[in-house]
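Listed here are the chains, written in short residue letters.
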Amino acid sequence: MTEKEWPLWEVFIRSKAGLDHKHCGSVHASDAEMAMEAARDVYTRRSEGISIWVVPSNAISASKPEDKESLFEPADDKIYRHPTFYDIPKGAGKM
Amino acid sequence: MTELSKKDALVQYAAQIGDNGLIIGHRMSEWCFRAPALEMEIALMNCALDLIGQARELYTYAAVTQDEGKSEDDFAYLRDEQDFRNLLLTEVPNGDWGDTIVRLFLMSAYNKLFYTALANSKDAQLAAIGAKSIKEVIYHQRFSSEWLIRLGDGTPESHDRVQKSLDTLWAYTGELFTMTDAETLLLADGIAVDVTALKADWDQVVSDVLTQATLTVPADLWPQLGSKAEGRHTEHFGFIITDMQFMQRRYPGCEW
Amino acid sequence: MYGDTSIQKPIKIAEPTSEEQARLEEIFQQKIDDNIKIEPQEWMPAAYRKTLVRQMSQHAHSEVIGMQPEGNWITRAPSLRRKVILLAKIQDEGGHGLYIYSAAETLGTSRAEMINQLQTGKAKYSSIFNYPALSWADMGTIGWLVDGAAITNQVALSKGSYGPYCRAMIKICKEESFHQRQGYELLLTLSRGTDAQKEMLQESVNRFWWPSLMMFGPNDADSPHSAQSMKWKIKKKSNDQLRQEFIDATVPQAEFLGITLPDPDLKWNEERGHYDYGQIDWEEFGHVINGNGPCNKQRVATHLKAHEDGAWVREAAAAYAEKQQNKNVA
């Protein structure tokens, strides 16, 4: 196995206008055009998409699982960021 | 020779365009589980589905026009070798990936021009089929052009291989721009496409992509003709229909 | 700074001490018990990772090798409608193989590595694809029985513990219900046809029935990895449970087709509320799984040939991409 494998690309698809692109899998391709077309052929066979992003997998930086507590838990007690934290009397109308 | 009626000409014309789709689609489908990468397998099967889909619509239209109670399957399965009028380029064997890409590219570049013109046909049904097919063949052209460039400008080996593919298949391109009697007849009514008029644009598209691919446009060879005008095929074609028609011939008159 | 956080590579953390290891394992098992999915970069026991890679690569290989018996019939499909259905179905199988390879790669094993293991006989695939597809009816039987068995398995797998595998399975199950339906519809058409068509149907089912039951693997008592896999929720139901579910669902469908299933012991057991069935020929299963079925060598050789024939193509594309990158840098 001296051959170098084509790089891996992560595929993100917007399923319809108004929605975010969502990660749906990956493909191997030698260049961006090929990755885009492979993503189209593989992941939109049943009209699942109207727009595709392909990103080289090694270009994505991800948070580390062991950092989960320090990254995400500090937000848990900041409940005043949520609208339900505040009591507004009914009489004040919809807010 | 008996005078060709307009109706017969239209049946012939629709079927003949359909033959191109079916036969090249058949060839593409032969790549199943044989492609250089799983992604490419899926891509070629998509092309095959597009092309066979085009054939189905055209055969159905031919059958309706003919009005003898036939269906798309009668056209695919119960005609003899000489009745098929596909371009020779569509029937030659797949060869390697380079041969397949060159064939798909030459045909797709042609199909794009052809269907674009057909979309303006005075015949509403043919125009509709043309308009729908353009979108598919544009993608085939894009896919095959990019691959041709990768192979042409890839490694020395791939460059040589694909130049050879091109040199070999080039002899079949002359037939793309020939007119049958049916086409000439229907052209007068604005129904058929004047394929002779597509040549200049096709030459341009092909030479642009070949330049990018660092490949040389082959010198024009004595063109291989015969299928489109007379149903005279290559030796390979008999095997295609032997395979394709086996079930229908072995078990006539069944529903499947 | 973020260089080692690629989403496709497991993060190398220092070898945990045995005490630390025990703590991590406990947290891990707790997540599994609480039905919290495990995601790629999280800590997982080495054996969990290994089991998953083995199972997922086997599964992906099965999809890909499974393209061969059906692919051989594309050019011979007896109608254009059937031809495009078959093409689309086989294309799905390639797609499904790709979804699963893609999910397996999140565990740090490359597709090239998995394919190499397939081609060198180190990785297996479903034994069913080592049987030949000999008649057109087989295209229906494969959809009905083989895909039917696969779906029974996959529905269970979609509720497993590893996130990427579950997501792939959900997508696959959604797409595959068409596979089973088209197969059954194909067989229904044969069952309403001529005597020759009916014979073709019965003969095909006779050949595929037992191998389909073998797809669920050995009896629970003889299934070496099962207990641990169940604990990790890589597997949610046992081989025998799934096999029984499949048989219970399939027998009435066979009756509706007007065919017999080749098992004289197959009958409804009122007390159990299930069908009883005869003894599976595990000796045959053993031979087929160990490389001596009717098509094992042919399947792997065909895969290998395609791979080798395509080497110059993959190299060319890689070389072209490199040239382009160098141009962009310059």
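Residues numbered from 1 in each chain as written. Chains lettered and ligands numbered in written order. Predicted model: local features only at pLDDT ≥ 70, side-chain atom pairs only at ≥ 80, totals over all residues. Heavy atoms only, no water.

1. Some points on the confidence of the model for chain C
Residue and element names in this part refer to chain C.
Right, on to step 1. Overall, the prediction assigns chain C a mean pLDDT of 93, with 95% of residues at 70 or greater.
Right, on to step 2. Note that residues 1-6 has pLDDT below 50 and, in this model, eleven contacts with residues that lie over four places away or in other chains.
Right, on to step 3. For this predicted complex, the interface confidence comes out at an ipTM of 0.97, alongside a pTM of 0.94. (pLDDT = per-residue confidence, 0-100. Contact = heavy atoms within 4.5 Å.)

2. Observations regarding unusual backbone geometry
Right, on to step 1. Positive phi outside glycine occurs at A:Ser47, with the angle close to 55°.
Right, on to step 2. With relative accessibility at 68%, the residue A:Ser47 sits in the exposed group.
Right, on to step 3. Despite not being glycine, C:Asn35 has its phi angle at roughly 60°, a positive value.
Right, on to step 4. Take C:Asn35: it is sitting in the loop between helix H1 (18-33) and helix H2 (46-65). (Buried < 20%, exposed > 50% of the residue type's maximum accessible area, 1.4 Å probe, protein only. Helix = DSSP H or I, 4+ residues; strand = E, 2+ residues; numbered from the N terminus.)

3. Considering the packing of aromatic side chains
Right, on to step 1. Applying the stated criterion to the full structure yields 24 aromatic pairs over all chains.
Right, on to step 2. One aromatic cluster is present, built from ring pairs that chain together B:Tyr110, B:Phe114, B:Tyr115, B:Trp170, B:Phe177 and B:Trp202.
Right, on to step 3. Looking at B:Arg79, its charged tip hangs above the ring of B:Phe84, at a distance of 4.3 Å from the centre.
Right, on to step 4. C:Lys171 extends its terminal NZ or CZ atom over the ring of C:Tyr99, reaching a point 4.6 Å from the ring centre. (Phe/Tyr/Trp six-rings, centres within 6.5 Å; stacked < 30°, edge-to-face > 60°. Lys NZ or Arg CZ within 6 Å of the ring centre and 35° of its normal.)

4. Re the interface of chain C and chain B
Where interface size is given, it is often the accessible area lost as the parts come together that is meant.
Right, on to step 1. Contact residues are listed per partner, giving 48 residues for chain C and 46 residues for chain B.
Right, on to step 2. The contact between chain C and chain B buries some 4000 Å² in all, and 71% of this surface belongs to carbon and sulfur atoms.
Right, on to step 3. The tally of links from chain C across to chain B stands at two salt bridges.
Right, on to step 4. When the shortest N-O distance is used, the salt bridge between C:Lys323 and B:Asp153 registers 3.0 Å.
Right, on to step 5. At the boundary of chain C and chain B, one finds 13 residue pairs in polar contact (both at pLDDT 80 or more).
Right, on to step 6. Secondary structure elements with two or more residues in the side of chain C that touches chain B: helix H3 (67-71), helix H4 (80-105), helix H7 (163-191), helix H8 (195-214), helix H12 (296-309) and helix H13 (311-329) of chain C.
Right, on to step 7. Looking at the side of chain C that touches chain B, its residues break down into 24 nonpolar, 15 polar and nine charged. (Buried area = accessible area lost by both parts, 1.4 Å probe. Salt bridge = Lys/Arg side-chain N within 4 Å of Asp/Glu carboxyl O. Polar contact = N/O pair within 3.5 Å; in protein donor to acceptor, adjacent residues only side chain to side chain. Nonpolar A, V, L, I, M, F, W, Y, C, P; charged D, E, K, R; others polar.)

5. Let's talk about the side chain of C:Gln197
Right, on to step 1. The residue C:Gln197 is located in helix H8 in this model.
Right, on to step 2. A relative accessible area of 1% means that C:Gln197 is categorised as buried.
Right, on to step 3. Reaching out from C:Gln197, the side chain makes a polar contact with the backbone oxygen of B:Glu255 at a distance of 2.7 Å.

6. Quick look at the state of the cysteines
When the sulfur atoms of two cysteines share a covalent bond, that bond is a disulfide.
Right, on to step 1. In this structure the tally under the stated criterion is zero disulfides over all chains.
Right, on to step 2. The cysteine B:Cys32 is free of any disulfide, with B:Cys47 supplying the nearest cysteine sulfur at 14 Å. (Disulfide = S-S within 2.5 Å.)

7. Describing the interface of chain A and chain B
Right, on to step 1. The partner chain B presents twelve residues to the 13 residues of chain A that form the contact.
Right, on to step 2. Contact with chain B buries area across many residues of chain A, yet A:Glu37, A:Arg40 and A:Asp41 alone supply 46% of it, more than any other trio.
Right, on to step 3. Here chain A and chain B share two salt bridges between them.
Right, on to step 4. The shortest N-O distance in the salt bridge between A:Glu37 and B:Arg142 comes to 2.9 Å.
Right, on to step 5. The interface formed by chain A and chain B includes six residue pairs in polar contact (both at pLDDT 80 or more).

8. Regarding the sheet that holds strand E3 (residues 51-56) of chain A
All names here are of chain A.
Right, on to step 1. Spatial strand order, E2-E1-E3: three strands in an open sheet with antiparallel pairing. Only two strands of the sheet have a single neighbouring strand rather than two, namely strand E2 (21-28) and E3. Between one strand axis and the next, the sheet turns through 30° on average, direction left out of account. (Pairing = 2+ DSSP bridges. Axes fitted to C-alpha atoms, helices over the stretch in contact; angles between N-to-C directions.)

9. Re the nonpolar core
Right, on to step 1. With 193 residues, the main nonpolar core has B:Trp97 and B:Trp147 as its most contacted residues.
Right, on to step 2. Top contributing element to this core by residue count: helix H2 (residues 38-66) of chain B, with 17 residues.
Right, on to step 3. Ignoring any residue separated from it by four or fewer positions in sequence, one finds B:Trp97 in contact with B:Trp31, B:Ala35, B:Pro36, B:Met40, B:Leu44, B:Phe143, B:Trp147, B:Leu151, C:Trp312 and C:Val313. (Core = buried A, V, L, I, M, F, W, Y, C linked by side-chain atoms within 4.5 Å.)

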